[in-house]
Amino acid sequence: DVTRSQSVTCGIFAADLQVWSLARRGAHRLGERDFAGAAADLNKSIGLNAKFDYAWLSRGEMYSQQQQYDQAIKDLTEAIKIDNAYTRAYYLRGLAEFNKGLYAAAARDFSEYHKLNPSDLAGLRLRGNSYVYAKQYNEGIADFSEALRITPRDQFALALRARAYY
């Protein structure tokens, strides 16, 4: 029955649209630092469709902004499980791990971020910084040197490499 099929298709589309709309509104509220509103929307979006990576990413970012790094890492890991090429999820999880003092884990995530997004030198700089904090100075210096090879006047890489030598 064509009418029934169209009705089912429209129902699925409407449900997906609701999930997306809630996640977008939650992300918008996050930008306004309305954490309670963001949490409500993102929790509802995830509850409606636990396979929607953007909602997990946004909620992970929310937790990170609130310095709830364990929960942030958990949610960002869920986003990566759904889409293992989600560059922003690796970036944000790396930052949460770094802020929690998990420097080796942060270096792994920044490596993945850089592999997926090689034109963005932030991955090299952040991985290098993670290595330095993990007392793996040679690896850090190598990353800063690579960033300088690509962009010789990179002031961040110059400063970070100089600090790594001391």
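Anyway, here's the lowdown on the structure attached to this text. In this text the structure is predicted, and so the values were computed from the model without any measurement. Residue numbers here run from 1 along each chain, matching the order of that chain's written sequence. Per-residue local features of the predicted model are confined to residues with pLDDT of at least 70, and side-chain atom pairs are confined, for both listing and counting, to 80 or more; whole-chain, interface and lining totals are unaffected and use all residues. Water and hydrogen atoms play no part in the side-chain values, which are based on all heavy atoms of the structure.

### Let's talk about the overall build of the protein
Step number 1: A helix here means a DSSP run of H or I that spans at least four residues, while a strand means a run of E at least two residues long, and both kinds are numbered starting from the N terminus. A tally of regular secondary structure across the protein gives 9 helices and 0 strands.
Step number 2: Reading the secondary structure of the protein in the N-to-C direction produces α-α-α-α-α-α-α-α-α.
Step number 3: Along the first, second and third principal axes, the C-alpha set of the protein runs to 70 × 35 × 25 Å.
Step number 4: Within the protein, contacts between residues separated by at least 24 positions form 43% of all contacts whose residues are at least 6 apart in sequence.
Step number 5: Within the structure as shown, the protein displays about 9,400 Å² of accessible surface, and the carbon and sulfur contribution to it stands at 52%.
Step number 6: In this tally, Asp and Glu contribute negative charge and Lys and Arg positive charge; neither His nor the terminal groups of the chain are included. The atoms used to mark charge sites are NZ of Lys, CZ of Arg, CG of Asp and CD of Glu. If the 22 positive side-chain charges of the protein are averaged to one point and the 19 negative ones to another, these points end up 3 Å apart. Any pair of residues with heavy atoms lying within 4.5 Å of one another is described as a contacting pair. Exposure was quantified through the Shrake-Rupley algorithm and a 1.4 Å probe, taking into account, for residues, occlusion by the shown protein chains and nothing else.

### A short note on the side chain of Ser-130
Step number 1: Here Ser-130 lies in helix H7 (residues 122-133).
Step number 2: Relative accessibility decides the category of a residue: with a 1.4 Å probe and only protein chains considered, values under 20% of the type maximum give buried, values over 50% give exposed, and everything between is partly exposed. Looking at Ser-130, the relative accessible area reads 0%, which means it is buried.

### Re helix H3 (residues 53-65)
Step number 1: One fewer than the residue count of a helix, multiplied by 1.5 Å, yields its expected span. Given a rise of 1.5 Å per residue, 13 residues ought to cover 18 Å, and the 18 Å separating the end C-alpha atoms of H3 matches this to within 8%.
Step number 2: With respect to burial, H3 is a largely interior element, 12 of its 13 residues being buried.
Step number 3: What H3 keeps buried is the set Asp-53, Tyr-54, Ala-55, Trp-56, Leu-57, Ser-58, Arg-59, Gly-60, Glu-61, Met-62, Tyr-63 and Ser-64.
Step number 4: Just downstream of H3 lies Gln-67, where phi reads positive at about 60°.

### Details of the packing of helix H8 (residues 137-150) against helix H9 (residues 155-165)
Step number 1: To get an axis, a line is fitted to the C-alpha atoms, and for a helix only the part in contact is used. The angle between two axes follows their N-to-C directions and goes from 0 to 180 degrees. As a packed pair, H8 and H9 sit with axes 9 Å apart at the nearest point and diverge in direction by 155°. Put simply, H8 runs roughly antiparallel to H9. Crossing hand, H8 versus H9: left-handed. Contacts between H8 and H9 involve Tyr-137, Ile-141, Phe-144, Ser-145, Ala-147 and Leu-148 from the former and Ala-157, Leu-158, Leu-160, Arg-161, Ala-164 and Tyr-165 from the latter.
Step number 2: When residue character is reported, Ala, Val, Leu, Ile, Met, Phe, Trp, Tyr, Cys and Pro are called nonpolar, Asp, Glu, Lys and Arg charged, and the others, Gly included, polar. The class makeup of the residues in the contact of H8 with H9 is 10 nonpolar, 1 polar and 1 charged. What sets the label is the angle itself: under 35 degrees gives roughly parallel, over 145 gives roughly antiparallel, 65 to 115 gives roughly perpendicular, and the rest give oblique. It is the rotation of the near helix from the far one that decides the hand of a crossing: anticlockwise by less than a right angle makes it left-handed, clockwise makes it right-handed.

### Regarding the pattern of salt bridges
Step number 1: Only one rule defines a salt bridge in this text: a Lys or Arg side-chain nitrogen within 4 Å of an Asp or Glu carboxyl oxygen. Following the criterion strictly, the structure yields 13 salt bridges and no others.
Step number 2: When the shortest N-O distance is used, the salt bridge between Arg-88 and Glu-61 registers 2.9 Å. In this pair, Arg-88 is assigned in helix H5 (residues 87-99) and Glu-61 in helix H3, connecting sequence segments 27 residues apart.
Step number 3: Note on Arg-88: relative accessible area 37%, which makes it partly exposed.
Step number 4: By relative accessible area, Glu-61 is classed as buried at 18%.

### What about the nonpolar core?
Step number 1: As used in this record, nonpolar core signifies buried Ala, Val, Leu, Ile, Met, Phe, Trp, Tyr and Cys residues forming a set joined through side-chain atoms within 4.5 Å. Counting 28 residues, the largest nonpolar core has Tyr-54, Leu-57 and Met-62 as its most contacted members.
Step number 2: At the level of elements, helix H1 (2-31), helix H2 (35-48), H3, helix H4 (69-82) and H5 are the ones that each hand at least two residues to this core.
Step number 3: Not counting the four nearest positions on each side in its chain, Tyr-54 is found in contact with Ala-23, Arg-24, Ala-27 and Tyr-86.

### Quick look at the environment of Gln-66
Step number 1: Looking at where Gln-66 falls in the secondary structure, it is placed in the loop between H3 and H4.
Step number 2: Considered as a pair, Gln-66 and Phe-35 are 31 residues apart in the sequence and their alpha carbons are 8.5 Å apart.

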